Amino acid sequence: MKSRKILQSTLFDIAWAIFLTAQLATLSQAYSESQNAAPVTAYKAAMGISCALLAAVIVINLIKKVYPVKTLICYALSGAVFALSWYFCRQSVILWSFLILAAAYRQSGKRVIFISAFLTALDLIVMIAGSQAGIFTDFIFGSGRNRHGLGYLWTTVAPTLLLFFALQYIWLRKEKMRIWEYIIIELANIYLYIKTDTYAVFFGLTAILAFFAVEGAFKRRWRFLGRLKWLYYLGPALICVITVIIYYMYDGGNETWSALNDILKDRLSLGKYCLESFGVTPFGQEIIWSGHSTAALDGAYLYADCSYIQLLVNCGAAFLINVILIYTRLNVRAFKAKDFWLIWIGAAALLLGVLDPRLFDLAFNVIPLLAFLELEEAPLEYEKGFLKKIWA
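An account of the accompanying structure is given in this report. (Residues numbered from 1 in each chain as written. Predicted model: local features only at pLDDT ≥ 70, side-chain atom pairs only at ≥ 80, totals over all residues. Heavy atoms only, no water.)

1. Notes on the overall build of the chain
Counted only if it meets this: Here a strand is any run of E in DSSP of at least two residues, a helix any run of H or I of at least four, and the numbering for each starts at the N terminus. Whether a residue is buried, partly exposed or exposed follows from its accessible area with a 1.4 Å probe, protein chains only, as a fraction of its type maximum: under 20%, in between, or over 50%, in that order. Here the Shrake-Rupley method, with its probe set to 1.4 Å, supplies the accessible areas, and only the displayed protein chains count as covering residues.
Each helix and strand in the chain was counted, giving 16 helices and two strands. A total of 392 residues make up the chain; the buried ones form 53% of that total. Surface exposure of the chain reaches about 18400 Å², of which carbon and sulfur atoms provide 67%.

The structure is reproduced here in structure tokens:
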């Protein structure tokens, strides 16, 4: 049994690493503006290999009856929604994401998140250092604010990657995290803020670090926050519904709404425009987003920064409900495991989704995967010692 589990874990680890590496590569300006067919061919080949390995893990799980009947039914229903949304909105990453969610069942949470955090940190270091050394293009997006791309296709990519790296790192470290670790991440946050002038991510990450640093300092941590069971269970749905209602209610002719829209850098007006222009369908529609890269310099801008609005109009109401159910499952499992670190990390991702389009983008945000990964698993034989040396 142990050898079989190691086989499935090894296959998943390789597939997960290939998927993340390929997705992170597409975030670079060099890839997005390449006139050569080789990068695209390499990307497709990498994704094909990743999908084949993930499919192999799923098949092994089915043969070995790893999935309980109820879980299998839920996966089948969820898979149908993913497939229909892919058919209507034509985003292949939707199908890849479902394969990852299905193959991730009962994989080691610590190991999978460690791989993600390591690759994200490595990508940030290579891209930022390379852009400052002149190896990669550090494109400066002007329009009144000098915002460095740092080698990425848009100025918010690096800060957002750092934010989600921080969430993964905090979950891995939990109560073992020391104040100097928070300070180092905040210094990196300040550096990226100076370079990219990205308000929402900077203040969001600063608030997250402050919250966990303060909460982690108490010996009886989560004393009060551990009693909010039903708020945790209903939280994802409440945040989603309230956000969508706010965007529907937005009135550009009202001074109060207009002032709020200015504070949020036109997110409300852009989200309302998308709702009115495309409407809401059950399974989404094909939309060519533009403006979150150097295309914005040509005056072409069509983008909804709010995750809930973007998923609703692009992927459909059924898909958005599916995503909310995944976050609800995450909270239920985390509460039962008394993992309040994870509950509030999930809450941070949900709240960031109000202003950021990464609520269900596994290249940035791997938190939804923890809804299916093992949260309290004993390490496999080949993990012992390795992670212990790093995180002790």
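2. Regarding the packing of aromatic side chains
Put simply, the rule is: Aromatic rings from Phe, Tyr and Trp, with only the six-membered ring used for Trp, were paired whenever their centres fell within 6.5 Å, and each pair was classed as stacked if the ring planes differed by under 30 degrees, edge-to-face if by over 60, and tilted otherwise. Distance and angle both matter: a charge sits over a ring if NZ of Lys or CZ of Arg is within 6 Å of the ring centre and within 35 degrees of the ring normal.
In total, this model carries 33 aromatic pairs according to the counting rule given. Geometrically, the ring pair formed by Tyr-43 and Trp-96 is edge-to-face, given 6.1 Å between the ring centres and 75° between the ring planes. Of the two residues, Tyr-43 is situated in helix α3 (residues 37-63) and Trp-96 in helix α5 (residues 92-103); the sequence distance between them amounts to 53 residues. Trp-96 carries the same exposure label as Tyr-43, and that label is buried. Between Phe-319 and Phe-360 the ring centres are 5.8 Å apart and the planes differ by 75°, which places this aromatic pair in the edge-to-face class. Of this pair, Phe-319 sits in helix α14 (residues 317-336) while Phe-360 sits in the loop between α15 (340-352) and α16 (386-391), placing them 41 residues apart in sequence. No difference in accessibility class separates Phe-319 from Phe-360, as the two residues are buried. Through successive ring pairs, a cluster of aromatic residues spans Phe-211, Phe-212, Trp-230, Tyr-232, Tyr-233, Phe-335, Phe-340, Trp-341 and Trp-344. Lying across the ring of Trp-86, Arg-90 places its NZ or CZ 5.1 Å from the centre. Positioned above the aromatic ring of Phe-364 is the side chain of Arg-358, whose terminal nitrogen or guanidinium carbon lies 4.0 Å from the ring centre.

3. A short note on a nonpolar patch on the surface
Note the threshold: To count toward a patch, a residue needs a relative accessible area over 30% and no salt bridge; like charges are then connected within 9 Å, while nonpolar side chains (Val, Leu, Ile, Met, Phe, Trp, Tyr) are connected within 5 Å. Salt bridges are counted wherever a side-chain nitrogen of Lys or Arg sits within 4 Å of a carboxyl oxygen of Asp or Glu.
A surface patch of nonpolar side chains, about 730 Å² in accessible area, is lined by Ile-179, Trp-180, Ile-183, Ile-184, Leu-187, Ile-190 and Ile-194. Relative to the helices and strands, Trp-180 resides in helix α8 (residues 179-196).

4. A word on the pattern of salt bridges
Scanning the model with the defined rule gives five salt bridges in all. Salt-bridge contacts for Asp-13 lead to Arg-111; the nearest nitrogen and oxygen are separated by 2.8 Å. Of this pair, Asp-13 sits in helix α1 (residues 2-25) while Arg-111 sits in helix α6 (residues 109-132), placing them 98 residues apart in sequence. Given the relative accessible area of 13%, Asp-13 is considered buried. Since its relative accessible area comes to 6%, Arg-111 is described here as buried. Note that Asp-361 is salt-bridged to Arg-358, the shortest N-O span being 3.0 Å.

5. Section: the environment of Ala-80
Structurally, Ala-80 is set in helix α4 (residues 69-89). Residue classification places Ala-80 among the partly exposed residues on the basis of a relative accessible area of 38%. Separated by 239 residues in the primary sequence, Ala-80 and Phe-319 place their C-alpha atoms 10.0 Å from one another.

6. Observations concerning the nonpolar core
Heads up, the rule is: What is meant by a nonpolar core is a set of buried Ala, Val, Leu, Ile, Met, Phe, Trp, Tyr and Cys residues, joined one to another through side-chain atoms within 4.5 Å. Here, residues are in contact when the closest pair of their heavy atoms is within 4.5 Å.
Phe-12, Trp-16, Ile-170, Tyr-308 and Phe-319 are the most contacted members of the largest nonpolar core, which totals 128 residues. By residue number, the principal contributor to this core is helix α7 (residues 157-173), which donates 13 residues. In this structure Trp-16 touches Ile-100, Val-112, Ile-115, Ser-116, Leu-362, Val-366 and Leu-369, once residues within four positions along its chain are discounted.

7. Considerations on unusual backbone geometry
Phi at Lys-65 takes a positive value of approximately 55°, unusual for a residue other than glycine. In this structure, Lys-65 sits in the loop between α3 and α4. Its identity is not glycine, yet Arg-90 carries a phi of approximately 60°, on the positive side. On the secondary structure map, Arg-90 appears in the loop between α4 and α5.

8. Here's the deal with the packing of helix α11 (residues 255-263) against helix α12 (residues 267-278)
This is how it is decided: Orientation is described by axes fitted as lines to C-alpha atoms, over the contacting stretch for helices, and by angles from 0 to 180 degrees between their N-to-C directions. Each angle is binned into one of four classes, with values under 35 degrees roughly parallel, values over 145 roughly antiparallel, values of 65 to 115 roughly perpendicular, and all other values oblique. Under the scheme applied here, ten amino acids are nonpolar (Ala, Val, Leu, Ile, Met, Phe, Trp, Tyr, Cys and Pro), four are charged (Asp, Glu, Lys and Arg), and all others, including Gly, are polar.
Contact pair α11 / α12: the axes reach a minimum separation of 6 Å and the direction vectors enclose 105°. In terms of orientation, α11 and α12 fall into the roughly perpendicular class. Residue-level contacts link Trp-257, Leu-260 and Asn-261 of α11 to Arg-267, Leu-268 and Ser-269 of α12. A breakdown of the residues in the contact of α11 with α12 according to their chemical character gives three nonpolar, two polar and one charged.

9. Considerations on α4
Rules: By this rule, a helix spans an expected 1.5 Å times one less than how many residues it contains. Relevant arc is that of directions from the helix axis to the C-beta atoms, nothing else.
With 21 residues, α4 extends 30 Å from end C-alpha to end C-alpha; this agrees with the ideal 30 Å at 1.5 Å per step. Along α4, the positions that sit buried rather than exposed are Thr-71, Tyr-75, Ser-78, Gly-79, Val-81, Phe-82, Ser-85 and Cys-89. Buried residues in α4, looked at end-on, bunch into an arc of 165°, giving them a common side. Exposed positions of α4 whose direction lies more than 90 degrees from the buried face are Val-69 and Leu-77. Considering only its buried residues, α4 is in contact with α5, α13 (307-315) and α14. Positive phi appears at Arg-90, one or two residues downstream of α4, with a value of about 60°.

10. Notes on the packing of α13 against α14
As a packed pair, α13 and α14 sit with axes 6 Å apart at the nearest point and diverge in direction by 135°. The angle between α13 and α14 falls in the class oblique. Judged by residue contacts, Tyr-308, Leu-311, Leu-312 and Cys-315 of α13 engage Ala-317, Phe-319, Leu-320, Val-323 and Ile-324 from α14.

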